[in-house]
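Per-entry structural report
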Amino acid sequence: MSDEHTASAPGDEFWSLRPRPRPTPFTEPFWQATSEGRLVVQRCGACRNWRWPPQLACPECLSEVGDWVDTAGTGTVYSYSVVHRGVDRTRFPRRYVLAIVELDEGIHLLTNLVGCDPSDISIGSRVRVAFRHLDEDHTVYPFTLIDA
Ligand SMILES: [Zn+2]
């Protein structure tokens with residue numbers, strides 16, 4: 001793949017400039033899990049409904065009881081866009097792929113697709129999480145095509 005066609009495989013510059021997640025006490029378990037290579041989602045302790053994004057109470061039954069549960073880290077591309085010019089060129093200087101991935105558990109995550117040629121991406125493509133350690137305190141959760 002030539003550099004102009006690998007927009008979704010950004011180099012170190014992209015990752016070094018990328019804004020860092022800012023965990024709150026409420027989202028800390030999610031970010032701690034990513035640093036351990038696990039993609040977790042809240043699940044209601046009463047009705048077992050998945051909760052994403054993290055929230056205090058279940059939108060189905062209003063229970064505040066819940067657990068952080070490991071997902072398989074696999075899913076399909078629900079939607080995507082190749083961003084040619086980010087709104088903040090100092091932090092997103094290269095083209096990249098923004099996507100909504102539907103996890104096999106049914107949750108929709110906003111993420112990036114990396115390590116693949118954008119022309120190989122289709123709605124419904126199978127993907128898996130490909131954790132990226134930005135530094136010792138921050139790990140993000142881009143996805144990559146399976147069998148790309
Ligand atoms: Zn519930």
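Residues numbered from 1 in each chain as written. Predicted model: local features only at pLDDT ≥ 70, side-chain atom pairs only at ≥ 80, totals over all residues. Heavy atoms only, no water.

In this fold, Leu145 is placed in strand S10 (residues 143-145). With 25 residues separating them in the primary sequence, Leu145 and Asp120 have C-alpha atoms 8.5 Å apart. When near neighbours in sequence (up to four residues on either side) are disregarded, Leu145 contacts Cys116, Asp120, Ile121, Ser125, Arg126, Val127 and Arg128. (Helix = DSSP H or I, 4+ residues; strand = E, 2+ residues; numbered from the N terminus. Contact = heavy atoms within 4.5 Å.)

Here we come to the environment of Ser122. Mapped onto the elements of the fold, Ser122 is located in the loop between strand S6 (108-113) and strand S7 (126-129). Overall, Ser122 belongs to the partly exposed group, its relative accessible area being 37%. On a C-alpha basis, the gap between Ser122 and Tyr80 in space is 8.4 Å, while along the polypeptide they are 42 residues apart. Apart from the residues lying within four places of it in its own chain, the contact partners of Ser122 are Val77 and Tyr80. (Buried < 20%, exposed > 50% of the residue type's maximum accessible area, 1.4 Å probe, protein only.)

For the protein chain, per-residue confidence averages 87 on the pLDDT scale, and 89% of positions sit at 70 or higher. Per-element confidence in the protein chain ranges from a low mean pLDDT of 73 for helix H1 (residues 12-17) to a high of 98 for S7. Below pLDDT 50 for its whole length, residues 1-8 participates in 18 contacts with residues either more than four positions away or in separate chains. (pLDDT = per-residue confidence, 0-100.)

Here the structure, examined in full by the defined rule, presents four aromatic pairs. For the pair Phe30 and Tyr141, a centre-to-centre distance of 5.4 Å together with 85° between the ring planes defines the contact as edge-to-face. Linking Phe30 in helix H2 (residues 28-35) with Tyr141 in the loop between strand S9 (138-140) and S10, this pair joins segments that are 111 residues apart in sequence. Like Phe30, the residue Tyr141 is buried in the burial classification. Measuring from centroid to centroid gives 6.0 Å for Trp31 and Tyr141, while their planes differ by 50°, and the two rings are tilted. With a gap of 110 residues between them, Trp31 in helix H2 and Tyr141 in the loop between S9 and S10 connect regions that are remote in the sequence. One exposure class covers both Trp31 and Tyr141, and it is buried. Through a chain of ring-to-ring contacts, three or more aromatic side chains come together here, namely Phe30, Trp31, Trp52 and Tyr141. Geometry around Trp50 places Arg43 over its ring, the cationic atom sitting 4.2 Å from the centre. (Phe/Tyr/Trp six-rings, centres within 6.5 Å; stacked < 30°, edge-to-face > 60°. Lys NZ or Arg CZ within 6 Å of the ring centre and 35° of its normal.)

Let's shift gears to the pattern of salt bridges. Where charged atoms of side chains with opposite charge meet at close range, the side chains can pair. Inspection of every chain in the model, using the stated rule, returns five salt bridges. Between Arg38 and Asp70 there is a salt bridge; the shortest N-O distance is 2.7 Å. On the criterion of sequence distance, the pair formed by Arg38 in the loop between H2 and strand S1 (40-44) and Asp70 in strand S3 (residues 66-70) is long-range, its members being 32 residues apart. For Asp70, a relative accessible area of 40% corresponds to the partly exposed category. A salt bridge links Asp67 to Arg48, with the nearest nitrogen and oxygen atoms 3.6 Å apart. Of this pair, Asp67 sits in strand S3 while Arg48 sits in the loop between S1 and strand S2 (50-51), placing them 19 residues apart in sequence. (Salt bridge = Lys/Arg side-chain N within 4 Å of Asp/Glu carboxyl O.)

This part is about the sheet that holds S3. A sheet is described by the order of its strands in space; here three strands give the open sequence S2-S1-S3, paired in antiparallel fashion. The outermost strands of the open sheet, each flanked by one partner alone, are S2 and S3. Bridging between S1 and S2 involves two bridges; their strand directions are antiparallel. Paired with Arg43 across the two strands is Trp50, which belongs to S2. (Pairing = 2+ DSSP bridges.)

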